[in-house]
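# Per-entry structural report
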Protein chains: 2
Amino acid sequence: MTSLQRVNPRVRAIRVSSQSALQSLAAHITQDIAQGAQKPFKEVIDVSSGDSHRAGLKPVSFVRQVLAVCLYPELLRDKSLPLDVRLRAERLLEACDGGSIGSYTASSGLLHARRSIAEFITRRDAGLPSDARNVFISAGSQRAVMVILKLLACGDGDTQTGVLTPMPCPHTLPPLLDEVGVTQVSYRLTEERGWAVELDELQHALTAARGKCEPRAVYISNPGNPTGHVQDRKSIQKVIEFAAAQRLLLLVDEVYQDSVFGQEFISYKKVLFEMGRRYAETVEMVSFHSLSCACVGECGLRAGYMEVVNMDPEVMHFVDTMLCTDISTPVTGQLALDLMLNPPRPGDASSDAYTQEILLTRTMLSQNAQRAQERLNDLPGMSCQPAMGGIFLYPRLWLPAEFEEQAEMLGVDVEVLYCQRLLEEEGVFVGADGTTGRHHLRLCVLVPADTLDAVLTRLCSFHRRLMDADNCVQNDWTQHVEKHRESN
Amino acid sequence: MTSLQRVNPRVRAIRVSSQSALQSLAAHITQDIAQGAQKPFKEVIDVSSGDSHRAGLKPVSFVRQVLAVCLYPELLRDKSLPLDVRLRAERLLEACDGGSIGSYTASSGLLHARRSIAEFITRRDAGLPSDARNVFISAGSQRAVMVILKLLACGDGDTQTGVLTPMPCPHTLPPLLDEVGVTQVSYRLTEERGWAVELDELQHALTAARGKCEPRAVYISNPGNPTGHVQDRKSIQKVIEFAAAQRLLLLVDEVYQDSVFGQEFISYKKVLFEMGRRYAETVEMVSFHSLSCACVGECGLRAGYMEVVNMDPEVMHFVDTMLCTDISTPVTGQLALDLMLNPPRPGDASSDAYTQEILLTRTMLSQNAQRAQERLNDLPGMSCQPAMGGIFLYPRLWLPAEFEEQAEMLGVDVEVLYCQRLLEEEGVFVGADGTTGRHHLRLCVLVPADTLDAVLTRLCSFHRRLMDADNCVQNDWTQHVEKHRESN
């Protein structure tokens with residue numbers, strides 16, 4: 001271990017996103033403020049990732065109440081807690097070995113929770129069957145994705161497994177691919193069409209990759225992280241046909257299925273099963289969901305699940321083997337998943353409060369998304385596609401040539417420099433993404449309305465200052481932006 | 001994914017211990033009972049792994065009370081909870097972003113908890129400094145071991161990284177080595193000397209491995225899992241000298257440091273730092289500890305930590321990179337770690353109750369270990385070294401030739417057949433281990449005293465039946481056992 005050269009080359013090759021560096025900067029600034037440094041802002045607001053509780057969103061009471069009772073069962077006698085909370089906790093404790101959430105569970109999760117998940121899926125998909133044995137709980141959906149990638153990984157050079165991934169994609173995905181040793185085959189999403197998934201792009205990426213690696217799966221993020229695009233039935237159908245024709249495993253990140261605005265979320269599984277037996281019985285698919293989703297947002301409890309469809313049971317056996325090396329998934333998270341997917345029923349003591357809390361979050365999220373999009377589009381040098389779901393906005397920057405030159409001189413990506421300066425000058429932390437070859441920001445809008453207002457005010461003020469300083473070249477980008485907007 | 005042949009060969013090569021098969025059998029029997037099947041026992045008692053809550057041990061109240069308040073902060077106003085519980089919860093919530101345990105933490109853990117851990121280490125090691133920046137929290141110590149193994153893994157064939165591991169070793173370790181692609185280089189522990197670590201054996205294993213792989217680290221389990229051996233200062237010193245001379249990274253599993261009977265636990269770090277600068281400033285070491293340890297036993301919350309000593313900062317940076325792919329460690333577990341390592345202080349409202357609970361567990365554990373060892377040694381065809389720490393007994397079986405022949409005929413390992421029959425006939429689940437070339441059982445004694453009694457009664461009754469059935473050959477093994485005992 002003495003020399004860096006001896007660290008596993010695959011680990012050394014893990015791409016670290018700009019997020020890490022910006023995170024360090026944000027932490028640094030926060031520390032400075034704590035130590036009395038004078039800044040034009042009182043605190044850093046972090047909207048760079050999907051961490052709603054950090055941004056001030058309140059946890060769902062029912063979930064927290066039941067978990068508190070499970071942790072400290074003396075509370076079963078606390079009459080100030082709603083009856084259904086106590087009954088639910090009692091039932092969950094019965095499902096834990098030794099009646100304690102301190103016991104390990106099976107590596108694929110508590111059977112009780114897996115059954116709850118399967119029932120949820122069946123309800124969601126209008127009665128389509130789901131088998132608890134095909135549901136695997138893990139410490140976050142990221143961990144589940146990792147398990148499947150590890151199963152797929154093999155070969156080297158032009159025989160190395162490749163996975164088709166959207167461009168842009170969730171910023172947490174590329175490091176996983178690197179760690180496992182899988183080639184990332186990017187297919188472009190079309191910004192001008194609201195970041196739609198287009199078949200030509202999938203086909204094009206696949207053709208280009210063949211001979212360079214062995215593409216074996218296609219990763220879809222729907223609702224799109226970070227794009228906010230939501231696929232309709234027809235688009236999903238086309239992707240399924242493509243995967244079937246090319247014999248690709250479908251990896252569907254449906255983590256934000258609970259946050260689709262003004263339309264209905266349709267799951268890949270539902271579409272697949274309605275396409276007839278030819279597809280429903282052959283296309284291999286894994287769908288991921290997470291406790292860190294929009295309305296519950298319990299990121300810190302770490303739980304997610306995957307449902308596996310049409311996978312060879314002998315291969316599925318290895319999913320379990322892989323999860324075994326974690327020994328067990330955190331139990332508080334597993335129970336929270338159960339609660340999230342099987343909330344109080346009408347008539348239960350907690351039902352009204354629960355429904356209202358979820359509704360408030362959902363309404364706030366869609367209003368935030370719309371308000372933020374409008375304000376960003378009002379800015380010179382910025383264009384933002386409307387989000388149809390998910391929790392992010394993903395605006396594009398059109399910055400003056402001078403700014404681009406400055407970034408080049410500093411050896412920093414343009415959008416990263418933008419975010420650094422925004423952090424330093426206004427204490428607002430948004431994500432930077434240049435993977436598309438364009439300059440984008442990633443902005444979580446699942447935050448309290450007043451927090452969002454503060455973010456937008458500071459961001460707009462910074463942005464206008466930046467553009468004014470370079471207004472000599474404004475004409476240039478104004479034309480770009482106008483053209484871009486018209487094409488929508 | 002359609003064919004098994006295309007699953008990652010490294011995943012396919014993961015050795016699955018007999019534990020999985022026995023677990024399935026146990027689950028099957030439990031299910032049968034639930035469905036009304038008549039058995040000579042009412043329930044299966046599982047003492048095969050270190051899962052004390054499952055076996056009926058009660059959680060530590062202080063830990064659970066504080067966690068309950070953290071989950072549901074309304075309880076801060078509940079005056080029936082001790083004052084220090086509420087104050088502690090308040091402080092922990094302040095350490096969480098957004099005041100919620102639903103927020104992600106830094107991938108290496110909450111700074112607050114890392115500092116608490118460093119302070120604990122300093123107190124434990126009589127004032128030796130520990131820096132929070134060298135402490136990394138992860139979802140269980142197993143996960144931490146995995147991260148370090150991944151850093152070390154490289155090469156192929158005779159250049160593949162090798163890790164010296166004890167024989168016997170924790171049954172969860174070999175699958176990790178397989179998954180990562182590291183060669184397991186076993187060094188024998190000496191059963192006849194209470195499973196001591198002997199330098200000759202380390203040296204012998206290393207010499208034999210050179211040329212076949214590249215040994216780069218040595219894994220030590222102290223207190224020994226599953227052996228119960230506890231190293232004294234001199235023995236630790238010798239291992240450190242060996243690691244230094246051979247330039248091996250020391251991986252020290254000190255998970256059961258809170259359960260050493262009748263003597264004091266000495267950490268590897270303390271010994272290292274007392275060996276003078278030549279060692280203290282050069283020997284690279286990682287020490288692991290866990291929330292699943294003996295006295296707290298919160299396996300289901302999933303948290304552990306590692307302290308890294310003398311590692312190149314540039315290499316240490318990759319520890320963080322690796323933890324990043326998990327995004328965040330479960331927060332309830334992190335807080336529980338903090339509480340376990342910084343319990344109530346004398347004078348605090350919860351102090352007496354806490355001290356008493358821990359003391360009770362510790363006393364029960366050491367009494368259990370002694371009682372069980374005596375009863376097992378009373379059996380014909382069984383010999384058990386006394387445990388000096390940890391939570392397991394690891395008796396050796398000396399079974400009649402007929403039984404061995406039967407196992408061979410069935411194509412099952414002798415000790416696995418023994419455990420299968422014990423499970424079927426008496427509903428007692430103990431672990432089976434044949435990795436030493438001998439036949440051993442693994443028996444967790446961190447269970448309530450009456451549960452242990454039930455286990456011992458059923459086990460002894462099964463064992464005597466088995467031996468009686470084959471008493472024609474008893475003379476044979478009696479001689480072996482007697483000889484073996486005399487040599488101790």
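Residues numbered from 1 in each chain as written. Chains lettered and ligands numbered in written order. Predicted model: local features only at pLDDT ≥ 70, side-chain atom pairs only at ≥ 80, totals over all residues. Heavy atoms only, no water.

The next point concerns the interface of chain A and chain B. Tallying the contact residues gives 72 residues for chain A and 72 residues for chain B. At the boundary of chain A with chain B, total buried surface from both sides reaches about 6500 Å², with 60% on carbon and sulfur atoms. At the boundary of chain A and chain B, one finds 6 salt bridges. Between B:Lys150 and A:Glu179 there is a salt bridge, with its nearest N and O atoms 2.5 Å apart. Those elements that place two or more of their residues in the side of chain A that touches chain B are α1 (9-12), α3 (61-71), α6 (141-152), α7 (173-180), β5 (214-221), α12 (313-324) and α13 (331-341) of chain A. Classifying every residue of the side of chain A that touches chain B gives 33 nonpolar, 20 polar and 19 charged. (Contact = heavy atoms within 4.5 Å. Buried area = accessible area lost by both parts, 1.4 Å probe. Salt bridge = Lys/Arg side-chain N within 4 Å of Asp/Glu carboxyl O. Helix = DSSP H or I, 4+ residues; strand = E, 2+ residues; numbered from the N terminus. Nonpolar A, V, L, I, M, F, W, Y, C, P; charged D, E, K, R; others polar.)

Attention now moves to the UniProt feature "domain: Aminotransferase class I/classII large" (unreviewed entry) in chain A. Residues annotated by UniProt as "domain: Aminotransferase class I/classII large" (unreviewed entry) correspond here to residues 87-459 of chain A. Here residues 87-459 of chain A runs as 43% helix and 16% strand, with 47 Å between its end C-alpha atoms. (UniProt positions renumbered as here; feature names shortened; annotations may be inferred.)

A few words on the domain arrangement of chain A. A common way to report how large an interface is uses the accessible area buried once the components associate. Residue and element names in this part refer to chain A. When cut into domains, chain A gives domain 1 (4-56 + 363-486) and domain 2 (104-341). Taking the mean C-alpha position of each, domain 1 and domain 2 sit 28 Å from one another. Overall, the association of domain 1 and domain 2 removes approximately 2800 Å² of surface from exposure, summing both partners, and the carbon and sulfur fraction of that is 55%. Across the contact surface, domain 1 and domain 2 share 3 salt bridges. Of the charged contacts, one joins Arg438 and Glu192 as a salt bridge, the two residues approaching to 3.1 Å between their closest N and O atoms. At the junction of domain 1 and domain 2, the tally comes to 13 residue pairs in polar contact (both at pLDDT 80 or more). (Domains from an automatic or database assignment. Polar contact = N/O pair within 3.5 Å; in protein donor to acceptor, adjacent residues only side chain to side chain.)

It is worth spelling out the packing of aromatic side chains at this point. Evaluated as defined, the whole model comprises 8 aromatic pairs over all chains. Taking 5.1 Å as the distance between ring centres and 80° as the angle between the ring planes, the aromatic pair formed by A:Tyr418 and A:Phe462 counts as edge-to-face. Here the residue A:Tyr418 occupies a position in helix α16 (residues 414-426), and A:Phe462 occupies one in helix α17 (residues 449-469), the gap between them amounting to 44 residues. We note B:Arg114 situated over the ring of B:Phe136; from NZ or CZ to the ring centre the distance is 5.5 Å. The residue whose ring lies beneath B:Arg396 is B:Trp398, and the NZ or CZ to ring-centre distance is 3.8 Å. (Phe/Tyr/Trp six-rings, centres within 6.5 Å; stacked < 30°, edge-to-face > 60°. Lys NZ or Arg CZ within 6 Å of the ring centre and 35° of its normal.)

Turning our eyes to something else, we now look at the sheet that holds strand β3 (residues 161-167) of chain A. Residue and element names in this part refer to chain A. Taken together, the 7 strands give an open sheet; going across it, the order is β2-β8-β7-β6-β5-β3-β4, and neighbouring strands pair in mixed fashion. At either end of the open sheet lies a strand with only one pairing partner, and these are β2 (135-138) and β4 (183-188). For this sheet, the mean inter-axis angle between neighbouring strands, taken without regard to orientation, is 25°. Bridge analysis of β3 against β4 gives 6 bridges, and the strand direction is parallel. For Leu164, the partnering residue across the bridge sits in β4 and is Val185. (Pairing = 2+ DSSP bridges. Axes fitted to C-alpha atoms, helices over the stretch in contact; angles between N-to-C directions.)

A word on the pattern of salt bridges. Tallying each qualifying case throughout the model produces 48 salt bridges over all chains. Of the charged contacts, one joins A:Glu281 and A:Arg277 as a salt bridge, the two residues approaching to 3.0 Å between their closest N and O atoms. Residue A:Glu281 is classed as partly exposed on the basis of its relative accessible area, which comes to 47%. A relative accessible area of 64% places A:Arg277 in the exposed class. When the shortest N-O distance is used, the salt bridge between B:Glu74 and B:Arg77 registers 2.3 Å. Connected via shared salt-bridge partners are A:Asp46, A:Asp51, A:Arg54 and B:Asp97. (Buried < 20%, exposed > 50% of the residue type's maximum accessible area, 1.4 Å probe, protein only.)

Looking now at the environment of A:Ala153. Within the element layout of this structure, A:Ala153 appears in the loop between α6 and β3. With 91 residues separating them along the chain, A:Ala153 and A:Ala244 place their C-alpha atoms 20 Å apart.

Among the structural elements, A:Asp338 can be located in helix α13. Beyond its immediate stretch of four places on either side in the chain, A:Asp338 contacts A:Arg88, A:Leu92, A:His112, A:Ala113 and A:Ser116.

To continue, consider the state of the cysteines. Inspection of the entire model under this criterion finds 0 disulfides over all chains. Its sulfur unpaired, B:Cys154 is 12 Å from the next cysteine sulfur, which belongs to B:Cys213. (Disulfide = S-S within 2.5 Å.)

The next subject is α16(A). Residue and element names in this part refer to chain A. Taking 1.5 Å of rise per residue, 13 residues should cover 18 Å, and α16 covers 18 Å from first to last C-alpha, within 8% of that figure. Every buried residue of α16 is accounted for by Val414, Glu415, Val416, Leu417, Tyr418, Cys419, Leu422, Leu423 and Glu426. Directly after α16, the chain includes Gly427, whose backbone phi takes a positive value near 65°. (Expected span 1.5 Å × (residues − 1).)

All right, on to the nonpolar core then. Ranked by size, the top nonpolar core spans 82 residues in total, and within it A:Ile101, A:Tyr305, A:Leu337, B:Ile101 and B:Leu337 carry the most contacts. The contact partners of A:Ile101, leaving out residues within four places of it in the chain, are A:Cys70, A:Leu71, A:Leu93, A:Cys96, A:Val331, A:Thr332, A:Leu335, B:Arg64, B:Gly300 and B:Leu301. (Core = buried A, V, L, I, M, F, W, Y, C linked by side-chain atoms within 4.5 Å.)

Here the focus is the packing of α6(A) against α7(A). All names here are of chain A. As a packed pair, α6 and α7 sit with axes 10 Å apart at the nearest point and diverge in direction by 35°. Relative to α7, α6 is oriented so that their crossing is right-handed. Of the residues in α7, those in contact with Gln142, Val145, Met146, Leu149 and Lys150 of α6 are Leu173, Leu176, Leu177, Glu179 and Val180. Of the residues belonging to the contact of α6 with α7, the class tally is 7 nonpolar, 1 polar and 2 charged. (Left-handed = near helix turned anticlockwise from the far one by under 90°.)

Residue and element names in this part refer to chain B. Spatially, the 7 strands line up as an open sheet ordered β2-β8-β7-β6-β5-β3-β4, and their pairing is mixed. Each edge of the open sheet carries a strand with a single partner, namely β2 (135-138) and β4 (183-188). Here the average twist between neighbouring strands, direction ignored, is 25°. Packing of helix α5 (residues 111-124) onto the sheet brings it into contact with β2, β7 (285-290) and β8 (304-309), and relative to β2 it is tilted by some 120°.

The next subject is the relation of the copies chain A and chain B. Note on the copies: chain A fits chain B at an RMSD of 0.0 Å, the axial shift is 0.0 Å, and the rotation between them is 180°. Given the turn and translation reported, the copies of this chain are related as if by a two-fold rotation axis. Within chain A, the C-alpha atom positioned nearest to the axis of rotation is that of A:Ala68, 2.1 Å from it. Of all interface residues in chain A, 100% are interface residues in chain B too; the two copies therefore contact each other through one and the same surface. (Least-squares fit on C-alpha atoms with pLDDT ≥ 70 in both.)

What follows concerns the environment of B:Cys384. All names here are of chain B. In this structure, Cys384 sits in the loop between β9 (382-383) and β10 (392-393). Exposure remark for Cys384: the relative accessible area of 4% places this residue in the buried category. Those residues in contact with Cys384, other than ones at most four positions away along the chain, are Gln373, Leu376, Asn377, Leu393, Tyr394 and Pro395.

Once that is clear, we can look at the environment of B:Leu57. Residues and elements named next belong to chain B. By the secondary structure assignment, Leu57 is in the loop between β1 (45-46) and α3 (61-71). Leu57 gets classed as buried once you look at its relative accessible area, which sits at 9%. Distance from Leu57 to Ala113, taken between C-alpha atoms, is 26 Å for residues 56 residues apart in sequence. Discounting residues that sit within four places of it in the chain, Leu57 has contacts with Ser52, Thr361, Met364, Leu446, Val447 and Pro448.

Residues and elements named next belong to chain A. When the pLDDT values of chain A are averaged, the result is 93; 95% of them are 70 or greater. Taken as a whole, residues 472-478 scores under 50 in pLDDT and shows 11 contacts with residues more than four places along the chain or in a different chain. Among the scores for the predicted complex, ipTM is 0.94 and pTM is 0.94. (pLDDT = per-residue confidence, 0-100.)

Residues and elements named next belong to chain B. Where helix α8 (residues 199-209) contacts helix α9 (residues 233-246), the axes come no closer than 10 Å and their chain directions differ by 25°. Taken together, α8 and α9 sit at an angle that is classed as roughly parallel. Like other packed secondary-structure pairs, α8 and α9 cross with a definite hand, here right-handed. Where α8 approaches α9, its residues Leu199, Leu202, Gln203 and Leu206 are matched on the opposing element by Lys238, Val239, Phe242 and Gln246. Looking at side-chain class alone, the contact of α8 with α9 contains 5 nonpolar, 2 polar and 1 charged residues. (Parallel < 35°, antiparallel > 145°, perpendicular 65-115°, else oblique.)

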